[in-house]
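# Remarks on the overall topology
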Amino acid sequence: MKAAVLIVDDDKEMLLALKEGFKKYQESFAVLLAEDGLTALEHLKASVISLVVTDLKMPRMDGF
């Protein structure tokens, strides 16, 4: 099973830039995106995530 990285940030441009930057590693791991903590929790419940990289200050639910 391929590892998965979840990137959480309310800045859409930052998310897209990070996803684009990690494309060269797509053979090694998958990148999932979330725009807030609640969406991140949904990903965490639905998938096995190896690493979470999160912004701390976000709407709806913060990164803490």
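See the structure shown above.
Attention in this report is confined to the structure presented alongside it. All figures in this text were calculated on a predicted structure; none of them were measured in a lab. (Residues numbered from 1 in each chain as written. Predicted model: local features only at pLDDT ≥ 70, side-chain atom pairs only at ≥ 80, totals over all residues. Heavy atoms only, no water.)

### Brief notes about the overall build of the chain
What counts, and what does not: Elements are defined by DSSP. Helices are runs of H or I of four residues or more, strands are runs of E of two residues or more, and each kind is numbered from the N terminus. By definition, residues are in contact when any of their heavy atoms lie within 4.5 Å. In this description, accessible areas are obtained by the Shrake-Rupley approach with a 1.4 Å probe, and a residue is regarded as covered only by the protein chains that are shown. Charge assignment: positive for Lys and Arg, negative for Asp and Glu; neither His nor the chain ends contribute. In this description, the location of a charge corresponds to atom NZ of lysine, CZ of arginine, CG of aspartate or CD of glutamate.
Helix and strand content of the chain: two helices and three strands. Each helix (α) and strand (β) of the chain, taken in turn from the N terminus, gives the series β-α-β-α-β. Each of the three principal axes of the chain carries a C-alpha extent, and together these read 35 × 25 × 15 Å. In the chain, 63% of the contacts between residues at least 6 apart in sequence involve partners at least 24 apart. With an accessible surface of roughly 4,600 Å², the chain has 58% of that area assigned to carbon and sulfur atoms. Positive and negative side-chain charges of the chain, numbering 8 and 11 respectively, have mean locations separated by a distance of 5 Å.

### What about the packing of aromatic side chains?
For clarity, the cut-off: Only Phe, Tyr and Trp rings take part, Trp by its six-membered ring, and two of them pair if their centres are within 6.5 Å. Stacked means planes under 30 degrees apart, edge-to-face means over 60, and tilted covers everything else. Only protein chains enter the accessibility calculation, which uses a 1.4 Å probe; a residue whose area is less than 20% of its type maximum is buried, one above 50% is exposed, and one in between is partly exposed.
One pass over the full model with this rule turns up three aromatic pairs. Residues Phe-22 and Tyr-25 carry aromatic rings whose centres are separated by 6.3 Å and whose planes lie at 55° to one another, so their mutual orientation is tilted. Relative to Phe-29, the ring of Phe-22 has its centre 5.8 Å away and its plane inclined at 65°; by these criteria the two rings are edge-to-face. A relative accessible area of 29% means that Phe-22 is categorised as partly exposed. Three or more aromatic residues joined by ring pairs form one cluster here, namely Phe-22, Tyr-25 and Phe-29.

### Considering the pattern of salt bridges
What counts here: Should a side-chain nitrogen of Lys or Arg be within 4 Å of a carboxyl oxygen of Asp or Glu, the pair is scored as a salt bridge.
In this structure the tally under the stated criterion is two salt bridges. One salt bridge connects Glu-20 with Lys-23, and the closest N-O pair in it is separated by 3.3 Å. Among the residues examined, Lys-23 registers a relative accessible area of 44% and is labelled partly exposed. The residue Arg-60 makes a salt bridge to Asp-36 at a minimum N-O spacing of 2.9 Å.

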